[in-house]
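Architecture and fold: a report
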Amino acid sequence: MADHLMSTYARLPVQFDRGNGIWLWDTEGRQYLDALSGIAVCALGHAHPNVTRALAEQAALLVHTSNLYGIGLQEELADRLCSLSGMERVFFCNSGAEANEAAIKIARLYGHSREITCPAIIVMENSFHGRTLATLTATGNRKVQAGFEPLVRGFIRVPFNDLAAIDAVAETKNDVVAVLVEPVQGEGGINIPDPGYLEGIRKICDSRSWLMMLDEIQTGIGRTGKWFAFQHESLSPDVVTVAKALGNGVPIGTCMAHGVAAEMLQPGTHGTTFGGNPLSARAALAVLDCIESENLVANAGILGQKLRTGFIDSLSGTAGVVDIRGSGLMIGIELDRPCGELVRTALDRGLLINVTAERVVRLLPPLITTDHQAEMIVEKVSELIQEFLAE
Ligand SMILES: *Cc1c(COP(=O)(O)O)cnc(C)c1O
């Protein structure tokens, strides 16, 4: 019974007790195809042997010491992340929201260093940045904010994928210090901006001396077919936040920074007890090793294309299907009506999917998905959508 859990979640009536790759088994022994990966977390699938081994070995050696002391594995992980991202310094925490909190604090310190006493950050409509007070304020979804007023000051909201709107703010406000944006909006409905959008933001930030801060918590660590989604364009941000897939399910997040932004946090200005402890750092190192050695970043790009082509073949022209879009293994199928009930129908058929922004079927399959499994996903999801729309 869940009577003693706070009612934070509207949970589906299923519990899993075992996983292997893309597959999960519930407590009754039924098998499920997991096309959601624990919301873009288990990029290597479930119970990946390399991660399991790394965790078991590290747990037997040392789990935690605190950041009062040096942590070699954390340093090693920071080196790896910096060489993959082009960033210079890394702060480790335990979740996505905390990674964004660090980014927001960096922007505030940066503002104060420039004698801006009430620094503001530009954020987007339909964005999602987390559930802490600052990150829910940054989030562009009233449902996430309602009831938690007073919200945090210092955020200015503009439409996503609209450079002119950012320019307009630049013309009228002189306390802006940063832009915080997802390269692809995940929770907002797999919204992909026009090519050049991020480069455009980079140019505005350069001309105004603002920090360009990217929330890559969902897009990062290979999901879009590059290690980081900004690498599809030629630019380098000042701050990048990452979490979800970094530990394949072991909680770890990071706020990475470059240049002046990397020098903002100093002893006493920020910290967290667990962040980057030996266990989570070891897990993340195993994840990066594995993604690299199995060539999974490229796989995400190739398979994403295959999935999109598959869905276009099977669904385009179907009345009720508005759009099929994606970036690598972040895939959205937008319908013309609310379709939240599809999640339950899919579950009953042994398939895990998600619906976001009310009308968008969202798929976030693991990076280890095979060609054959991709075909199964296209077949099962197409059938589900066709039957739903025919009702
Ligand atoms: C999931 C997510 C977050 C929040 O991460 P938590 O670990 O749940 O705090 C923030 N930003 C984006 C883009 C996300 O997808």
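For the structure, see preceding data.
Computed from a predicted model, the values in this text were never measured in an experiment. All chains use their own residue numbering, which begins from 1 and follows the written sequence. Restriction of local features to residues with pLDDT of at least 70 applies here, the model being predicted, together with a cutoff of 80 or more for giving and counting side-chain atom pairs; totals for whole chains, interfaces and linings are based on all residues. Here the side-chain values reflect all heavy atoms present in the structure, with hydrogen atoms and water set aside.

Bringing the packing of aromatic side chains into the picture now. A pair of Phe, Tyr and Trp rings is counted when the ring centres sit within 6.5 Å of each other, with Trp represented by its six-membered ring. The angle between the planes then sorts it: under 30 degrees is stacked, over 60 is edge-to-face, the rest tilted. One pass over the structure, following the stated rule, counts three aromatic pairs. Ring geometry for Phe160 against Tyr197: centres 5.4 Å apart, planes inclined by 75°, an arrangement best described as edge-to-face. Within this pair, whereas Phe160 is found in the loop between β6 (155-158) and α7 (163-172), its partner Tyr197 is found in helix α8 (residues 197-208), the two being separated by 37 residues in sequence. Across this residue pair, the class does not change: Phe160 and Tyr197 are buried. Between Phe228 and Phe230 the ring centres are 6.2 Å apart and the planes differ by 15°, which places this aromatic pair in the stacked class. Note on accessibility: Phe228 and Phe230 belong to one class, buried. Remark: a charge is flagged as sitting over a ring if the NZ atom of Lys or the CZ atom of Arg is within 6 Å of the ring centre and within 35 degrees of the ring normal. Residue placement shows Arg18 over the ring face of Trp25; its charged tip is 4.3 Å from the ring centre. Runs of E in the DSSP output that reach at least two residues are strands. Runs of H or I that reach at least four are helices, and both are numbered from the N terminus. In this scheme, a residue with accessible area under 20% of its type's maximum is buried, one over 50% is exposed, and one in between is partly exposed, where area comes from a 1.4 Å probe on protein chains only.

Most of strand β12 (residues 330-335) is tucked away, with six of its six residues classed as buried. Burial along β12 is two-sided: the face carrying Met330, Gly332 and Glu334 and the face carrying Ile331, Ile333 and Leu335 are both buried. When DSSP finds two or more bridges between two strands, those strands count as paired. The pairing of strand β11 (residues 321-327) with β12 spans six bridges and is classified as antiparallel. Across the sheet, residue Asp323 finds its bridge partner in β12, namely Glu334. Relative to strand β15 (residues 360-363), β12 runs antiparallel, the two sharing four bridges. Across the sheet, the residue bridging to Ile333 is Val361, located in β15.

In this section: the environment of Ala107. Relative to the helices and strands, Ala107 resides in helix α4 (residues 96-113). Ala107 sits 72 residues away from Val179 along the chain, and the two C-alpha atoms are 9.1 Å apart. Among all residues touching Ala107, those that are not within four sequence positions of it are Ile121, Val177, Ala178, Leu211 and Met213. Between two residues, a contact is recorded if the distance between any of their heavy atoms is within 4.5 Å.

Taken together, Ser95, Gly96, Ala97, Asn100, Phe128, His129, Gly130, Glu182, Asp215, Ile217, Gln218 and Lys244 form the complete shell of residues around the ligand. For the purposes of these results, a polar contact is taken to be a pair of N or O atoms within 3.5 Å, where, inside protein, one atom must be able to donate a hydrogen and its partner to accept one; residues adjacent in sequence count only when each atom of the pair is a side-chain atom. Within the contact set of the ligand, an oxygen atom lies 2.6 Å away from a side-chain nitrogen or oxygen of Lys244. Reported accessibility uses the Shrake-Rupley method at a 1.4 Å probe radius. Residues are deemed covered only where the shown protein chains occlude them. When the free accessible area of the ligand is taken as 380 Å², the share hidden by the protein chains comes to 80%. Sort the elements by how many residues they give to the shell around the ligand and α4 lands first, with three residues. Polarity classes work like this: nonpolar for Ala, Val, Leu, Ile, Met, Phe, Trp, Tyr, Cys and Pro, charged for Asp, Glu, Lys and Arg, and polar for all others, with Gly in that last group. For the shell around the ligand, the residue count by class is three nonpolar, six polar and three charged. Here, proximity means that at least one heavy atom of the residue falls within 4 Å of the molecule or strand.

This part takes up the environment of Thr135. Structurally, Thr135 is set in helix α5 (residues 133-138). Taking the C-alpha atoms as reference points, Thr135 and Gly96, separated by 39 residues in sequence, lie 9.6 Å from one another. At 3.2 Å, the side chain of Thr135 and the backbone nitrogen of Arg131 are in polar contact.

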